[in-house]
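Fold and contact review
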Protein chains: 4
Amino acid sequence: MNKIKSFGIIGGDIRQLYCARSALDDGYAVLVSGFEKCDEKMGIENVSPETAVNASDALILPLPVSKDGRQLYSPFSDKPVSAADILSLVKKGQPVFCGLEGSLPASEFSGIEHYFYGKREDFAVANAVPTAEGAIEAAMKNSDITLASSECLVAGYGRIGRVLSSFLRGLGAEVTVSARKSRDIEFIRASGMRAVNTGSIKGRFDFIFNTVPSLVFDRKTLADCAAGAIIIDLASQPGGVDREAAGIMNIPVYHALSLPGKVAPKTAGVIIKNAVYNIIGEEGK
Amino acid sequence: MNKIKSFGIIGGDIRQLYCARSALDDGYAVLVSGFEKCDEKMGIENVSPETAVNASDALILPLPVSKDGRQLYSPFSDKPVSAADILSLVKKGQPVFCGLEGSLPASEFSGIEHYFYGKREDFAVANAVPTAEGAIEAAMKNSDITLASSECLVAGYGRIGRVLSSFLRGLGAEVTVSARKSRDIEFIRASGMRAVNTGSIKGRFDFIFNTVPSLVFDRKTLADCAAGAIIIDLASQPGGVDREAAGIMNIPVYHALSLPGKVAPKTAGVIIKNAVYNIIGEEGK
Amino acid sequence: MNKIKSFGIIGGDIRQLYCARSALDDGYAVLVSGFEKCDEKMGIENVSPETAVNASDALILPLPVSKDGRQLYSPFSDKPVSAADILSLVKKGQPVFCGLEGSLPASEFSGIEHYFYGKREDFAVANAVPTAEGAIEAAMKNSDITLASSECLVAGYGRIGRVLSSFLRGLGAEVTVSARKSRDIEFIRASGMRAVNTGSIKGRFDFIFNTVPSLVFDRKTLADCAAGAIIIDLASQPGGVDREAAGIMNIPVYHALSLPGKVAPKTAGVIIKNAVYNIIGEEGK
Amino acid sequence: MNKIKSFGIIGGDIRQLYCARSALDDGYAVLVSGFEKCDEKMGIENVSPETAVNASDALILPLPVSKDGRQLYSPFSDKPVSAADILSLVKKGQPVFCGLEGSLPASEFSGIEHYFYGKREDFAVANAVPTAEGAIEAAMKNSDITLASSECLVAGYGRIGRVLSSFLRGLGAEVTVSARKSRDIEFIRASGMRAVNTGSIKGRFDFIFNTVPSLVFDRKTLADCAAGAIIIDLASQPGGVDREAAGIMNIPVYHALSLPGKVAPKTAGVIIKNAVYNIIGEEGK
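A few points about the relation of the copies chain C and chain A
Relative to chain A, chain C is turned by 180° and slid 0.0 Å along the rotation axis, the superposed coordinates differing by an RMSD of 0.1 Å. Given the turn and translation reported, the copies of this chain are related as if by a two-fold rotation axis. Proximity to the rotation axis, assessed at the C-alpha, singles out Gly170 of chain C in chain C; its C-alpha lies 1.8 Å from the axis. Both copies contact each other with a shared surface, as 100% of the interface residues of chain C are interface residues in chain A too.

Dropping the structure here:
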């Protein structure tokens, strides 16, 4: 195993370049393609897509592979790159590591040995860390008080809620976490934090962090717990807050999405690399 | 819902008495039975099993219900109590909350509305806390160094591993946690601890805590990481350590089982009560 | 005691207004002066300096009282206010709580019962918290990696070093703290962190936070530990870093000063109020 | 400097033997004397006091040097050893590291280059760690609830209070710390804990840890905060608790003294060694 000696990394944003740099530092040969417009190349050779495919043992494609169903997601490329064209060049036995298929039809991958690193749970857990830090940075930036000694509510105790609540406690905040499952309620208490049921949040909070992708903070819940708070909403669109009601109540809401790539792109690039390595380890490549 | 106003708590050890006391403090009427030989009655009336069944809305039976398949587990009772006899007294609509059936045939419960609080995950998570504290107390008692600044290994990142590793870090130990799943490896790292794969533990540790119920610490692994360590084995019988090999290598092994009832029976009693309350809440009783 | 029922708060920045608001919420009568140009009055009456002095039991002056030796430090005032004029209005038995005299001659305070809240150690400790948070926010903002799992060095274990190192550890960073006194070295170790002597810092760090007001990071020390790091310098002017050498080595240095008022002015205002309250309590006013 | 190549370690309890072992592991030649009755010699040669003095560059004497003013404190010695005799053998330029003089007249040390490691603040801070762990072990052992989620009061925020409160928080307890100085109150809050003034302790606590060597817990304070609690008193004789009043109120008090040597003698021995090393470093020996 570990027969892969080189990667072709095609398309994607700055995270892919950090991923490339980190794999290079680990001793892999790495070619990138689609970074013509990126000022900082990090000492990595940028080649044509064809060369990147032909000269590498495995490919790493972005997250998502495509946003429009046709072109590769490649914001630093100087011209459009067809996702189908790239995939048609893939050789037998050349594994392709993709983030998520995005809008690309699954049929495009037929006959190709491919893996979605963006669907892995280890990838999601690892990204909870830069997400939690980004949420904390947003809270610090948008408030006139310290997190230390403040009353914080974290709604949801999934991956992000678990990491975020621990960080907030480490910063000296008073942390309440909401969850629905009684086992999570017990884990929250075992971590030295207050637990409340997500369905019946009440209280007075300075900061509210929402991680739940459903309308937790409707008009009534906002009235019950959010006066005087600022809300950092980390749930994917449309978020978990009734924005209109919040506006009427004068509660600021910051919708913070895709934080890892924004606040810690180098860490996010290493997380992509680690997920690819984990697949390689499991598949014995 | 919440139609239950009184509990009959029959059999069990001191935890059941603490459970009774705590329910009484919450405003329930509580009768206990089977505590004749217990010096400390905590101000609760001890009655006959028949009275306890007849005068209560719901019953709480011990964990396990029976150890020999016939008698109720009732170490403080002044005479044997037949589990079948108790169950035959149960009225229609009178729920019975049991820890685990133990050696009792499932058929004994037929026609009875019964729930096993001992099988619930919230119950298991809550018990991870006294288990972790008991493990720490055992480590402190059996070593001539402090946990602070020591090198600790926690094998396994289930409920107990998760709580125990956090406590050890809170005591200033250097904590390494082993896990098998890559998602758990990421959670361990996100918690600021070192992670190793359970299949390839190496290193030098002062304290090793095993939570994995399989032979993790075989002869080879002991040789790779346990010289100079003491081992606290928390896994149920037969534990996760090759005791013979450890003996030859002069590695002390402390097999610590059923810790909640031993080190924090009052907390353990409240955990039983909370699990019963959670069932009541979910079932709308 | 506690004869003071009203405060006149004259001059200063937004912190004084938050201080005023918080004292008002505690039940004191509060008049402010010198906030004509501040859009947000927080519901507090802005009056002339004369009225503020005449109608209050005690005065709170800013931090510093004056920056040029003549005018009161009063950035929100619509016209210059002479510090001497204010002080000449003070009545016998009317205590004046000043931050620091700033450039004002000590003689200006002769015959006036005055206290410098800015010189108190409780004030300095309390301000270490927003300073530490501001340093963390600056580090997050100016880096492309997470603090979690990063190698952090905190130079100095005074008030700020103590709070900051604890927060960084709470965020999952690997923290090394430098100190000179052997007792501090032991406290650092007791907190589960690595300790090094400030005179011989070596290592590889992602983030370096300097709290020591002397040239700790000279050319040699930068070469020994700072390649690849970013430096947040919290020491007052001129800071503790050889900026020229850092520039040549391509090490970014962010000099972050007066953080409490910038990153958490409301908290900073409450800290001023608490320091004043502490003086009142100690002096039996 | 660092001219010392060998130590003679004479008298003392098991800590001195661990100190000896640790210095030996560091590359020093080490002779011990006064451990004839100790079963476990840890591979170190036990010699006569004369040999230990004559064959070593420096001496390490116990803590205290003498308990009765005449004999060396030497519980494992097979015969009494006169402290004066030992000191009379010391050569010019042979430093003697003593714990504390104990009951020995200061005149006995005249003309001898001697240092009291037991008076050093780094020594005291380092010993706060095993003391805090010992206090936690005593609390765990003597209660029927977990520290996690319990209400803990730590009276006093000196060395022990500071380390102990941090450990308790790390175990998931709700921690209140009492102090007298307003700067300490702020440090306690900055650490995410509740602060109260030592002079006006009120509340409801499960565990009370006293570190203050004066009568903090008089009859009134016990009535105000200690019903239902257990008290671990860490203050030196006579402690800080009105034992008679506590007895009447049925509040258990455990007076826990000299914990480092009892609960973690190996750690305590290394702490002695480190203090000696620190003196050597400072004095350029």
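Some points on unusual backbone geometry
The residue after Leu63 of chain A, namely Pro64 of chain A, is reached through a cis peptide bond having omega 0°. Considering the arrangement of structural elements, one finds Pro64 of chain A in the loop between strand E3 (58-60) and helix H3 (83-89). A cis amide bond links Gln237 of chain A to the next residue, Pro238 of chain A, at an omega of 5°. Structurally, Pro238 of chain A can be placed in the loop between strand E10 (230-233) and helix H8 (243-248). For Asn250 of chain B, which is not glycine, the phi dihedral falls at a positive 65°. For Asn250 of chain B, a relative accessible area of 68% gives the class exposed.

Re the pattern of salt bridges
All names here are of chain B. All chains considered together, the criterion is met by 62 salt bridges over all chains. The partner of Arg194 in a salt bridge is Glu151, with the nearest N and O atoms 2.8 Å apart. Remark: Glu151 occurs in strand E6 (residues 151-155) and Arg194 occurs in strand E8 (residues 194-197); sequence separation between them is 43 residues. Classification of Arg194 by relative accessible area gives partly exposed; the value is 41%. Accessibility expressed as a relative area gives 22% for Glu151, which makes it partly exposed.

Remarks on the packing of aromatic side chains
Summed over the entire model, instances satisfying the criterion amount to 28 aromatic pairs over all chains. Centre to centre, the rings of Phe109 of chain A and Phe116 of chain A are 5.5 Å apart; their planes meet at 75°, and the pair counts as edge-to-face. Accessibility classification places Phe109 of chain A together with Phe116 of chain A in one group, the buried group. Between Tyr28 of chain B and Tyr277 of chain B, the aromatic rings sit 5.6 Å apart at their centres with planes inclined by 40°, giving tilted as the arrangement. Within this pair, whereas Tyr28 of chain B is found in the loop between helix H1 (14-25) and strand E2 (29-33), its partner Tyr277 of chain B is found in helix H10 (residues 265-283), the two being separated by 249 residues in sequence. Assessed through its relative accessible area of 18%, Tyr28 of chain B is described here as buried. Taken together, the ring pairs connect Phe7, Tyr28 and Tyr277 of chain A into an aromatic cluster. Looking at Lys119 of chain A, its charged tip hangs above the ring of Phe116 of chain A, at a distance of 4.3 Å from the centre.

Side note on the pairing of strand E6 (residues 151-155) of chain A
All names here are of chain A. When you tally the buried positions in E6, you get four out of five residues, the bulk of the element. Taken together, the five bridges between E6 and strand E7 (residues 174-179) define a ladder with parallel strand orientation. Directly across from Cys152, in E7, lies its bridge partner Val175. For the crossover that starts at E6, traverses helix H5 (residues 159-170) and ends in the parallel E7, the hand is right-handed. Where E6 and strand E9 (residues 207-210) come together, four bridges link them in parallel fashion. Residue pairing across strands places Cys152 opposite Phe207, the latter belonging to E9.

Some words on the nonpolar core
Side chains of a nonpolar character, in soluble globular proteins, are inclined to be buried together. Ranked by internal contacts, the top residues of the largest apolar core, which has 156 residues, are Phe209 of chain A, Phe209 of chain B, Phe209 of chain C together with Phe209 of chain D. Not counting chain neighbours up to four residues away, the residues in contact with Phe209 of chain A comprise Ala135, Ala139, Leu147, Cys152, Leu153, Val154, Ala155, Leu164, Leu168 and Ile232 of chain A.

Conventions we followed
- Residues numbered from 1 in each chain as written.
- Chains lettered and ligands numbered in written order.
- Predicted model: local features only at pLDDT ≥ 70, side-chain atom pairs only at ≥ 80, totals over all residues.
- Heavy atoms only, no water.
- Least-squares fit on C-alpha atoms with pLDDT ≥ 70 in both.
- Contact = heavy atoms within 4.5 Å.
- Helix = DSSP H or I, 4+ residues; strand = E, 2+ residues; numbered from the N terminus.
- Buried < 20%, exposed > 50% of the residue type's maximum accessible area, 1.4 Å probe, protein only.
- Salt bridge = Lys/Arg side-chain N within 4 Å of Asp/Glu carboxyl O.
- Phe/Tyr/Trp six-rings, centres within 6.5 Å; stacked < 30°, edge-to-face > 60°.
- Lys NZ or Arg CZ within 6 Å of the ring centre and 35° of its normal.
- Pairing = 2+ DSSP bridges.
- Right-handed = clockwise from strand over helix to strand, strands pointing away.
- Core = buried A, V, L, I, M, F, W, Y, C linked by side-chain atoms within 4.5 Å.

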